[in-house]
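Here is what each chain is made of, one letter per residue.
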Amino acid sequence: SRLRRMSCVKWDTWLARLQGLISQVDCALGPGGSRCSDPGRTRAIFGDAIAALFPGTRLTHTMLVALGPSCQLVAHCDPPIQGVRWHVPLRSNVRCWVMLDGLWLRTEEGLAYPMDPARLHGAVNWGSETRIHLAADLEGANVSLPRDAG
């Protein structure tokens, strides 16, 4: 089995604050059981929290990615970005997995994961609850670690 733990950063001091903002964004699941929120609306709601976590960076794109129970995001590659895309699981379960370059990884709430969207990636949710990740593309000198990383 090709399982490994992704490099990640502890972000649990911000988790409750970010989770509290989920209800302000439309994450209703569409056909296929997945949904990406409106980037403009997500930026308006989460932008201040992200700016506080990464002072001196510029937020270029953000969205919530919801994945319903027994659903998948088919493996794909997104266009390259400048900077780093951080994935922050806001709602997850032990039966949610992410595939990155053929390796299966389990992401956890309270951690943040840098991911390259141009690499082959996808996800499955075999759990009974919707999985929600905050994805934020950041540019700047301090983009590598959130402020409260330990």
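Description of the structure in this document.

Cut-offs used in this document
- Residues numbered from 1 in each chain as written.
- Predicted model: local features only at pLDDT ≥ 70, side-chain atom pairs only at ≥ 80, totals over all residues.
- Heavy atoms only, no water.
- Helix = DSSP H or I, 4+ residues; strand = E, 2+ residues; numbered from the N terminus.
- Polar contact = N/O pair within 3.5 Å; in protein donor to acceptor, adjacent residues only side chain to side chain.
- Contact = heavy atoms within 4.5 Å.
- Pairing = 2+ DSSP bridges.
- Axes fitted to C-alpha atoms, helices over the stretch in contact; angles between N-to-C directions.
- Core = buried A, V, L, I, M, F, W, Y, C linked by side-chain atoms within 4.5 Å.
- Buried < 20%, exposed > 50% of the residue type's maximum accessible area, 1.4 Å probe, protein only.

**Describing the environment of L138**
Then, number 1: Looking at where L138 falls in the secondary structure, it is placed in strand β10 (residues 131–140).
Then, number 2: A C-alpha to C-alpha distance of 5.5 Å links L138 and R58, two positions 80 residues apart in sequence.

**Here's the deal with the side chain of H133**
Then, number 1: Its place among the elements puts H133 in strand β10.
Then, number 2: A distance of 3.3 Å separates polar atoms of two side chains, one belonging to H133 and the other to H87.
Then, number 3: Within the structure, the side chain of H133 is placed 3.3 Å from the side chain of T107, a separation counted as a polar contact.
Then, number 4: Once you skip the residues sitting within four places of it in the chain, H133 turns out to touch M63, L64, V65, H87, V88, P89, L90, V98 and T107.

**Brief notes about the sheet that holds strand β6 (residues 96–100)**
Pairing between the strands of a sheet is mediated by backbone hydrogen bonds and can be parallel or antiparallel.
Then, number 1: Reading across from one edge, β4-β9-β6-β7 is the order of the 4 strands in this open sheet, with antiparallel pairing throughout. Edge positions in the sheet fall to β4 (71–76) and β7 (103–105), since each has one partner strand and no second. Ignoring which end each strand starts from, the neighbouring axes of this sheet average 20° apart.

**With respect to the nonpolar core**
In summary, soluble globular proteins display a tendency toward joint burial of nonpolar side chains.
Then, number 1: Core analysis: the largest hydrophobic core is formed by 20 residues, its most contacted members being L18, F46, I50, L90 and L134.
Then, number 2: Looking at this core, the elements that each hand over two or more residues are α1 (12–21), α2 (39–53), β3 (57–67), β5 (84–91) and β10.
Then, number 3: The next biggest cluster of nonpolar side chains, apart from the first, holds 10 residues, and it includes C71, L105, L111 and M115.

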